[in-house]
Amino acid sequence: SISAEVIELPLIIDGGNLVTNGEIGFVTDKVIKQNPKNPSFIKKILFDYLGIETKILKSNIHDKLSHVDGYLNFLSKDRICISKYPKIDFLKHDILYSKELECQIDNYGLNKTIIYDRPVDEKVIGGGQSINDKSKECLNSARGIYINFLFLNNTIILPEYTIPNYKRTMDYNAVNARTLQNLGYNVISINCDDLAKLGGSLHCISFTN
């Protein structure tokens, strides 16, 4: 429907594990595990097929899915969104990881836009090596991950969520939409509660960059 070219890569790579502005691309080292050859081989394929210089980032060891689009998303050639989390105990590892990413992003001279994420502490049913939701091997839900938006032309399709037992749900839904609108983008919000409970959100499922 968007008349975009479909490019098939000779790589095993999750749709959610690539964000790019058409010149620079970021992936996590999950792609190395999925393609057990040296990183230069992976980078060469991404350059040959997409024309991008790829930076392979260390995965957050506390994130079983290891998708870079849970933390980063491009808006333009020179502007990138990065996640910011509230100071909640179960998010302490994500907060540190996001700060490490920000330091690496600084090396590229990109303008940064903060997206306020508010992950929900819940597991994907049957989302790991065990069907037990409480198993450490299960994937985390993506509910509350606003940075996982879909960007088409000048329109951003932004997830919105219901955050259980949290009275400021509407604040999170509004603040990110307002931030992006102030940058000149048309923002359409869509509820992604059910989708996110499966472990990903809009960017993850789109394979669109």
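The rules behind these values
Residues numbered from 1 in each chain as written. Predicted model: local features only at pLDDT ≥ 70, side-chain atom pairs only at ≥ 80, totals over all residues. Heavy atoms only, no water. Pairing = 2+ DSSP bridges. Helix = DSSP H or I, 4+ residues; strand = E, 2+ residues; numbered from the N terminus. Axes fitted to C-alpha atoms, helices over the stretch in contact; angles between N-to-C directions. Contact = heavy atoms within 4.5 Å. Phe/Tyr/Trp six-rings, centres within 6.5 Å; stacked < 30°, edge-to-face > 60°. Buried < 20%, exposed > 50% of the residue type's maximum accessible area, 1.4 Å probe, protein only. Lys NZ or Arg CZ within 6 Å of the ring centre and 35° of its normal.

## Brief notes about the sheet that holds strand E4 (residues 72–76)
At step 1: Across the sheet, which stays open at both edges, the 3 strands sit in the order E4-E5-E6 with mixed pairing between neighbours. Edge positions in the sheet fall to E4 and strand E6 (111–116), since each has one partner strand and no second. Averaged over all neighbouring strand pairs, the angle between strand axes comes to 35 degrees, with direction disregarded.
At step 2: Alignment of strand E5 (residues 79–84) against E6, held across 6 bridges, turns out to be parallel. In the sheet register, Ile80 faces E6, and the bridge partner there is Lys112.
At step 3: The sheet contacts of helix H3 (residues 92–106) involve E4, E5 and E6, and relative to E5 the element is tilted by about 160 degrees.
At step 4: With respect to the sheet, helix H4 (residues 169–182) is in contact with E4, E5 and E6, its orientation differing from that of E6 by roughly 160 degrees.

## A short note on the sheet that holds strand E1 (residues 19–20)
At step 1: Across the sheet, 3 strands lie side by side as E1-E2-E3; this open sheet has mixed pairing. With one partner strand each, in any of the chains shown, E1 and strand E3 (53–57) form the two edges of the open sheet.
At step 2: Two elements, strand E2 (residues 24–28) and E3, share 5 bridges in a ladder whose sense is parallel. When the sheet's bridge partners are listed, Val27 is paired in E3 with Ile56.

## What to know about the packing of aromatic side chains
We describe a pair of aromatic rings using the distance from one ring centre to the other and the angle between the two ring planes.
At step 1: For the structure on display, the rule yields 6 aromatic pairs.
At step 2: On the basis of an interplanar angle of 15 degrees and a centroid distance of 6.0 Å, the ring pair of Phe26 and Phe74 is categorised as stacked. Note that Phe26 is positioned in strand E2 and Phe74 in strand E4, a separation of 48 residues in sequence.
At step 3: You can call Phe74 buried: its relative accessible area is 4%.
At step 4: When the ring of Phe26 is compared with that of Tyr108, the centres are 5.4 Å apart and the planes differ by 90 degrees; the resulting orientation is edge-to-face. Highlighted residues: Phe26 in strand E2 and Tyr108 in the loop between H3 and E6, separated in sequence by 82 residues.
At step 5: Each member of the aromatic cluster is reached from another via a ring pair, and the members are Phe26, Phe74 and Tyr108.
At step 6: Sitting over the ring of Phe41, Lys37 keeps its end group 4.8 Å from the ring centre.

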